[in-house]
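Residues per chain, in single letters:
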Amino acid sequence: MMMTPRLRRWLGIMAYLVVFSYPLIHADRLYRDDIWRSFHGEMGWVSNGRPLSSLVMLILNGGPRLADLAPLPLWLGLAALACAILLWRRRLEAFDTGYAWVAMLILVVQPFFLQNLSYRFDALPMSLALASAVVGIACALDPRDGRRWQARFRWAAGGAGVLAALLFYQPAANVYFVLLAFHVALSVAQTGRPAWSRQLGALVIGVIALFLSKGISNWLVGGNYSLAHSMLAPAAMLPANIFEQTLRFWRYAALQLDSLTWWLVLGLATVTIIWLVIETSKRRQWAGLPVLILVILFLPLAGLGFLAALADPIWRPRVMIGFGALYAGLLFCVLRWIGRSRWPWAGWPLVIVALGMPLTLSYAYGNAQRQQALFADYVSMRLIDDLTTQPEAAPLVIDGALPYTRATRNAIAAHPLIEELIFRYLDGFYWWGYQDLYRRGLPAAFDFNDDLALRRRFETRCQSLTPLVRRAWYTLYRFEATYVVALSGSCHLAMTATELPIDD
């Protein structure tokens, strides 16, 4: 039985995504919230305004108790994303029937989305959020011009897609609006004007979905952390807040992205803007030019999107999903332009570079994550053994942080974003570090003590104290009826990797 072209494309996408995601599986490390979910088997997504995440994991697990099914959730999420990309490809055929659509793989393999895929329990909901946004915009822009019920179905399906994205993981919905913006820009460049009916309709249903999601979130969201990061900036400060958050994002991107990726994005942006303006001007339908300029002016918002309207958005790579849509859209435009030149094959080297760089980042990150995990596993179990063999239990303070391994430090030197992605769980100011110790078997009687004043008193007096235990990577003290684990600084004098130069 012969495979259809669509199936061949899907298998090709999946092959690339499996190769890309292999290091994340090989790292075999519980990632942040995974610690809690692995320990307690509880979901906790509803209180974050993400009821569909809980629903899909409830179905996958056959009940409310979570089991660790990795890497199945990741693979299922990637399969859904491959399907979504192929559906969106059909909308792009109006602008290019060649290979430019391959740029949409950047939606998944862009640097910031690595954090979303790192979770063992949350990889599927976050992938489904992105897939829902892509499917939503593909449905909303379906060009069918038949009977009225077909148009209603198009808009209803598009609205359902973006609403689902919001209820799976809110930041993913930014992709819907960024891809819509590129569709408008390409329509203007190709015909001299937007496809007003479809594109305005898609914008309207997207905005309606945002308001519906906000209402649902206000009803569901609970907990100080979620509430603090879901508040909108005051109306009077909203424009300034959006501008400030957008500038902050691009400064952050310039620091965190490796140089080649950063300059590639800037180069693609420059070529795309010039090409779009020239193509639109050739049409001599000047009514479309202001629309194009408006779209171009709003594209820098893609990094955070509507999250820039929040007074205190979460500042982690996982929320920057819209950047992938911007990157993919710019690459598509440039590949389309090259495809229409005298040398249409000349775009393939650009494709190889653009899709090859995420592979190197993924493998550097995955291998560094594994090395850090093995190191942390050893130190954590040794520490638990030293604590549980003390005569009595008492509150616990971790002072300082476990250093990065040499492999991790080398990876960070090559790819700065890895420092944002890898967390040193044994860190005095990192709550998940304490939870990881409890998950590994530390009795709850050694409860977390976050008394900063006690920590300061200890640091001023530690050199006059007699350690209970001195190990290569930490020193254990008893101070004011509290166990203090010194991992760095003057309270722990053993040489650590942080004292060694990278190039020694």
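These numbers come from a predicted model, not from an experiment.

Rules and cut-offs
- Residues numbered from 1 in each chain as written.
- Predicted model: local features only at pLDDT ≥ 70, side-chain atom pairs only at ≥ 80, totals over all residues.
- Heavy atoms only, no water.
- Disulfide = S-S within 2.5 Å.
- Helix = DSSP H or I, 4+ residues; strand = E, 2+ residues; numbered from the N terminus.
- Buried < 20%, exposed > 50% of the residue type's maximum accessible area, 1.4 Å probe, protein only.
- Phe/Tyr/Trp six-rings, centres within 6.5 Å; stacked < 30°, edge-to-face > 60°.
- Lys NZ or Arg CZ within 6 Å of the ring centre and 35° of its normal.
- Arc of directions from axis to C-beta.
- Lys, Arg positive; Asp, Glu negative; His and termini not counted.
- Salt bridge = Lys/Arg side-chain N within 4 Å of Asp/Glu carboxyl O.

**Quick notes on the state of the cysteines**
- Enumeration according to the criterion identifies one disulfide in this entry.
- In this model, Cys 462 is linked to Cys 491 through a disulfide, with the two sulfur atoms separated by 2.1 Å. Given an S-S torsion of about -85 degrees, the disulfide between Cys 462 and Cys 491 has left-handed geometry. Pair noted here: Cys 462 is in the loop between α20 (452-461) and β2 (469-470) and Cys 491 is in the segment after β4 (482-486), with a separation of 29 residues, a long-range link. Considered together, Cys 462 and Cys 491 belong to a single accessibility category, that of buried residues.
- Here Cys 83 stays unpaired: no disulfide links it, and the sulfur of Cys 139, its closest cysteine neighbor, is 13 Å away.

**Section: the packing of aromatic side chains**
- Scanning all chains against the criterion turns up 22 aromatic pairs.
- A ring pair is formed by Tyr 31 and Tyr 119, whose centres lie 5.0 Å apart and whose planes are at 90 degrees; its orientation type is edge-to-face. Within this pair, whereas Tyr 31 is found in the loop between α1 (5-27) and α2 (33-40), its partner Tyr 119 is found in the loop between α6 (113-118) and α7 (123-140), the two being separated by 88 residues in sequence.
- For Tyr 31, a relative accessible area of 1% puts it in the buried group.
- For Tyr 119, a relative accessible area of 3% translates into the label buried.
- Between Phe 458 and Tyr 477 the ring centres are 5.2 Å apart and the planes differ by 70 degrees, which places this aromatic pair in the edge-to-face class. Here Phe 458 is found in helix α20, whereas its partner Tyr 477 is found in strand β3 (residues 475-479), with 19 residues between them in sequence.
- Through a chain of ring-to-ring contacts, the aromatic side chains of Phe 112, Phe 249, Trp 250, Tyr 252, Trp 262, Trp 315, Phe 323 and Tyr 327 assemble into a single cluster.
- Over the face of the ring belonging to Tyr 404 we find Arg 424, whose NZ or CZ atom lies 4.4 Å from the ring centre.

**Some words on helix α3 (residues 51-61)**
- Within α3, burial applies to Ser 53, Ser 54, Met 57 and Asn 61. Buried positions in α3, seen along its axis, are confined to an arc of 95 degrees and lie on one side of it.
- Directly after α3, the chain includes Gly 62, whose backbone phi takes a positive value near 75 degrees.

**Observations regarding the environment of Met 320**
- Take Met 320: it is sitting in the loop between α14 (288-298) and α15 (322-339).
- Exposure remark for Met 320: the relative accessible area of 0% places this residue in the buried category.
- Sequence separation between Met 320 and Asn 174 is 146 residues; the distance between their C-alpha atoms is 8.9 Å.

**A look at the side chain of Arg 336**
- Take Arg 336: it is sitting in helix α15.
- Buried and without a salt bridge, Arg 336 has Glu 279 as its closest oppositely charged side chain, separated by 5.2 Å.

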